[in-house]
Amino acid sequence: MFPLRAIINASVALGIHPNVLTLIGVLINIVAAVALGSGRFVLGGVIMIAASIFDFIDGKVAHISGKQSQFGAFWDSTLDRFSDLILFLGLIHLYSNLRRTDYVMIAALAAIFSIMISYARARAESLIEKCKVGFMERPERIVLFWIGAFTNRMAAVMWVLLVLSIITVVNRIHYTYLVLNRKPIPTGNNFLTRGFSRAFFWRDERATLPYDVWVIAILAFIWLTPPDWLRDPTAAGLGVWGWR
């Protein structure tokens, strides 16, 4: 945390408005998208981490400097959606240049459902008190982009993002329906149905055992699934299964 605290303190001392820091983060993410679009994944990953620093510190600077506002929250949330989409756009450009229509569609659908996750929650919370259910939230999506960039397993990451984003959106729609109609959350009657209900109506916090199990399963899929099985546009071979 020391480097982040130093940046936060410097921003406060220089009087940099937190809304400006948010905008800088978005502009850096545009550069990251350009790097992804040209197939320079490692460079894109490094730039994404730089952008995430500004994404992290803007709220801290606003709190310390007393510049928190409703517009600031709106500005931050709106630009977050733009940052998410621009990264997907970089990959869509790359897959389009590689003539891989299948992954253009996968990346486009992953982008659509990733945005729908945030929209579903925002719309639900205009009707009910809280709708923080589902695993695939924004921090998870950003970290998955990092993993895909640094390990050259972006195809596997796109599949994870697509499938879990769809599940999260459906989760939030169903949860909102149950709450609005005053129906109980299903808990299941046996081991299998209880496990399904627990996973579908995901409400476990980060750094808990269930969350860590999910993370391990996701990382295992990304790292152990051979690129050839996924017809990965940017990687080839059998991955760890091809090691001798």
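Residues numbered from 1 in each chain as written. Predicted model: local features only at pLDDT ≥ 70, side-chain atom pairs only at ≥ 80, totals over all residues. Heavy atoms only, no water.

1. Re helix α6 (residues 138–151)
Here comes step 1: Along its 14 residues, α6 runs 20 Å from first to last C-alpha, staying within 8% of the 20 Å computed at 1.5 Å per residue.
Here comes step 2: Where α6 is buried, its residues meet α2 (18–37), α3 (41–65), α4 (70–97), α5 (101–124), α7 (154–180) and α9 (209–224).
Here comes step 3: Directly beyond the C-terminal end of α6, a positive phi value near 55° is found at Asn152. (Helix = DSSP H or I, 4+ residues; strand = E, 2+ residues; numbered from the N terminus. Expected span 1.5 Å × (residues − 1). Contact = heavy atoms within 4.5 Å.)

2. Here we look at the pattern of salt bridges
Here comes step 1: Per the stated rule, a full pass over the model turns up 13 salt bridges.
Here comes step 2: The salt bridge partner of Asp55 is Arg138, with a shortest N-O separation of 2.6 Å. Linking Asp55 in helix α3 with Arg138 in helix α6, this pair joins segments that are 83 residues apart in sequence.
Here comes step 3: Arg141 is the partner of Asp84 in a salt bridge, and the nearest nitrogen-oxygen pair spans 3.3 Å. Of this pair, Asp84 sits in helix α4 while Arg141 sits in helix α6; the two residues are 57 residues apart in sequence, bridging distant segments of the chain. With respect to class, Asp84 is no different from Arg141; both count as buried.
Here comes step 4: Bridged by salt links that share partners, the residues Arg121, Glu125, Lys132, Glu137, Glu140, Arg172 and Arg206 form one connected network. (Salt bridge = Lys/Arg side-chain N within 4 Å of Asp/Glu carboxyl O. Buried < 20%, exposed > 50% of the residue type's maximum accessible area, 1.4 Å probe, protein only.)

3. Notes on empty space enclosed by the protein
Here comes step 1: For the coordinates displayed, the defined rule picks out two cavities of 30 Å³ or more.
Here comes step 2: Counted as a void, the largest cavity has a volume near 60 Å³.
Here comes step 3: Together, Leu21, Thr22, Gly25, Val26, Asn29, Ala51, Phe54, Asp55, Asp58, Asp80, Ser83 and Arg138 line the largest cavity.
Here comes step 4: At the level of secondary structure, the elements contributing two or more residues to the lining of the largest cavity comprise α2, α3 and α4.
Here comes step 5: For the lining of the largest cavity, the element with the most residues is α2, which contributes five residues.
Here comes step 6: Of the residues assigned to the lining of the largest cavity, the class counts are four nonpolar, four polar and four charged. (1 Å grid on protein atoms, 1.4 Å probe; cavity = no way out; pocket = protein on both sides within 12 Å on 5 of 7 lines; lining within 4 Å. Points joined across faces, edges and corners; volume = space filled by probe spheres on them. Nonpolar A, V, L, I, M, F, W, Y, C, P; charged D, E, K, R; others polar.)

4. Considering α3
Here comes step 1: Helix length check: α3, at 25 residues, gives a terminal C-alpha distance of 36 Å against a target of 36 Å (1.5 Å per residue), a fit within 8%.
Here comes step 2: Ile57 marks the point of greatest bend in α3, at about 30°.
Here comes step 3: Looking only at α3, the buried set comprises Phe41, Gly44, Gly45, Ile47, Met48, Ala51, Ile57, Asp58, Val61 and Ala62.
Here comes step 4: Tucked inside the fold, the buried residues of α3 contact α1 (2–14), α2, α4, α6 and α7.
Here comes step 5: Looking one or two residues past α3, Gly66 carries a phi angle of roughly 70°, positive in sign. (Bend = angle between axes of the 7 residues up to and from the residue.)

5. Some remarks on a nonpolar patch on the surface
Here comes step 1: Taken together, the side chains of Met105, Leu109, Ile112, Met116 and Tyr119 define a hydrophobic patch exposed on the protein surface, amounting to about 460 Å² of accessible area.
Here comes step 2: Looking at Met116, the relative accessible area reads 32%, which means it is partly exposed. (Patch = residues over 30% accessible without salt bridge, like charges linked within 9 Å, V, L, I, M, F, W, Y side chains within 5 Å. Areas by Shrake-Rupley, 256 points an atom, 1.4 Å probe, with all protein chains shown as cover.)

6. Considering the environment of Leu219
Here comes step 1: Positionally, Leu219 belongs in helix α9.
Here comes step 2: With relative accessibility at 36%, the residue Leu219 sits in the partly exposed group.
Here comes step 3: The sequence separation of Leu219 and Leu144 amounts to 75 residues, and the corresponding C-alpha distance is 9.1 Å.

7. Quick notes on the packing of aromatic side chains
Here comes step 1: A complete count under the given rule lists six aromatic pairs for this structure.
Here comes step 2: Consider the rings of Phe88 and Phe145, whose centres lie 5.1 Å apart with planes at 75°: the pair is edge-to-face. One end of the pair, Phe88, is in helix α4; the other, Phe145, is in helix α6, and 57 residues separate them in sequence. Across this residue pair, the class does not change: Phe88 and Phe145 are buried.
Here comes step 3: Here a set of aromatic residues connected by ring pairs shows up, and it is made of Phe71, Phe74 and Trp75. (Phe/Tyr/Trp six-rings, centres within 6.5 Å; stacked < 30°, edge-to-face > 60°.)

8. Some remarks on the nonpolar core
Here comes step 1: Counting 43 residues, the largest nonpolar core has Tyr95, Phe145, Met154, Met158 and Leu161 as its most contacted members.
Here comes step 2: Elements with a contribution of two residues or more to this core: α2, α3, α4, α5, α6, α7 and α9.
Here comes step 3: For Met154, the residues in contact, after removing those within four places along its chain, are Leu36, Phe41, Leu91, Tyr95, Phe145, Gly148 and Ala149.
Here comes step 4: Grouped together as the second largest cluster of nonpolar side chains are eight residues, Ala124, Cys131, Val133 and Tyr175 included. (Core = buried A, V, L, I, M, F, W, Y, C linked by side-chain atoms within 4.5 Å.)

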